[in-house]
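Survey of secondary and tertiary structure
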Amino acid sequence: SSNIAVIKYWGKRDEKLILPINSSLSVTMDPDQMGTTTTAACSEAWKGDRLWLNGKEEDSSATRIQNCLKAIRAMAGDKALKGGLRIVSNNNFPTAAGLASSASGYACLVLALGELFGIPR
């Protein structure tokens, strides 16, 4: 679900690990009111990975997306499904409005892919 930062971080002390300079404080919103739903499927018939966000196809080759997909596939190991992924993610709140839509989206993405690849929670 989304959240609102009350005290926001001011940059990163480690760019590679994405560690903040300072702590932050946020309030998590009710997921029924402001949340993300993500579904994922895999098929050997599909070439490459494709991603849709709020009904619009996005670039699935973006570094952040690929880092996430690589990490999940590595965690799945031999259980990783072969073929292309199709990922559909929808927020029921505005994207890029300071409500942590990326955090909500990535959390849902990791959960959906973990379930798809059989990775225990």
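Note: the structure precedes this text.
Residues numbered from 1 in each chain as written. Predicted model: local features only at pLDDT ≥ 70, side-chain atom pairs only at ≥ 80, totals over all residues. Heavy atoms only, no water.

As for the state of the cysteines
- A complete count under the given rule lists 0 disulfides for this structure.
- Its sulfur unpaired, Cys42 is 14 Å from the next cysteine sulfur, which belongs to Cys68.
- Distance from the sulfur of Cys108, which forms no disulfide, to the nearest cysteine sulfur (Cys68) is 12 Å. (Disulfide = S-S within 2.5 Å.)

Observations concerning the environment of Val110
- On the secondary structure map, Val110 appears in helix H2 (residues 101–116).
- The partly exposed category is assigned to Val110, whose relative accessible area is 36%.
- Sequence separation of Val110 and Lys79 is 31 residues, and the distance between their C-alpha atoms is 16 Å.
- With sequence-adjacent residues up to four places away left out, Val110 is seen in contact with Cys68 and Ile72. (Helix = DSSP H or I, 4+ residues; strand = E, 2+ residues; numbered from the N terminus. Buried < 20%, exposed > 50% of the residue type's maximum accessible area, 1.4 Å probe, protein only. Contact = heavy atoms within 4.5 Å.)

Remarks on the side chain of Ser60
- Relative to the helices and strands, Ser60 resides in the loop between strand E7 (56–58) and helix H1 (63–76).
- Contact partners of Ser60, with chain neighbours within four places excluded, come to Asp49, Arg50, Leu51, Ile65 and Gln66.

Here's the deal with the packing of H1 against H2
- Relative to each other, H1 and H2 sit at 30°, their axes nearing to 10 Å. Taken together, the axes of H1 and H2 lie roughly parallel to each other. At the point where H1 passes H2, the crossing takes the right-handed sense. On the side of H1, the interface is formed by Arg64, Ile65, Cys68, Leu69 and Ile72, while H2 contributes Ser102, Tyr106, Leu109, Val110 and Leu113.
- Of the residues contributing to the contact of H1 with H2, the split by class is 8 nonpolar, 1 polar and 1 charged. (Axes fitted to C-alpha atoms, helices over the stretch in contact; angles between N-to-C directions. Parallel < 35°, antiparallel > 145°, perpendicular 65-115°, else oblique. Left-handed = near helix turned anticlockwise from the far one by under 90°. Nonpolar A, V, L, I, M, F, W, Y, C, P; charged D, E, K, R; others polar.)

Focus: the pattern of salt bridges
- Enumeration according to the criterion identifies 3 salt bridges in this entry.
- Among the salt bridges present, the one from Arg121 reaches Glu115, with a minimum N-O distance of 2.6 Å.
- Residue class for Arg121 comes out exposed when judged on its relative accessible area of 81%. (Salt bridge = Lys/Arg side-chain N within 4 Å of Asp/Glu carboxyl O.)

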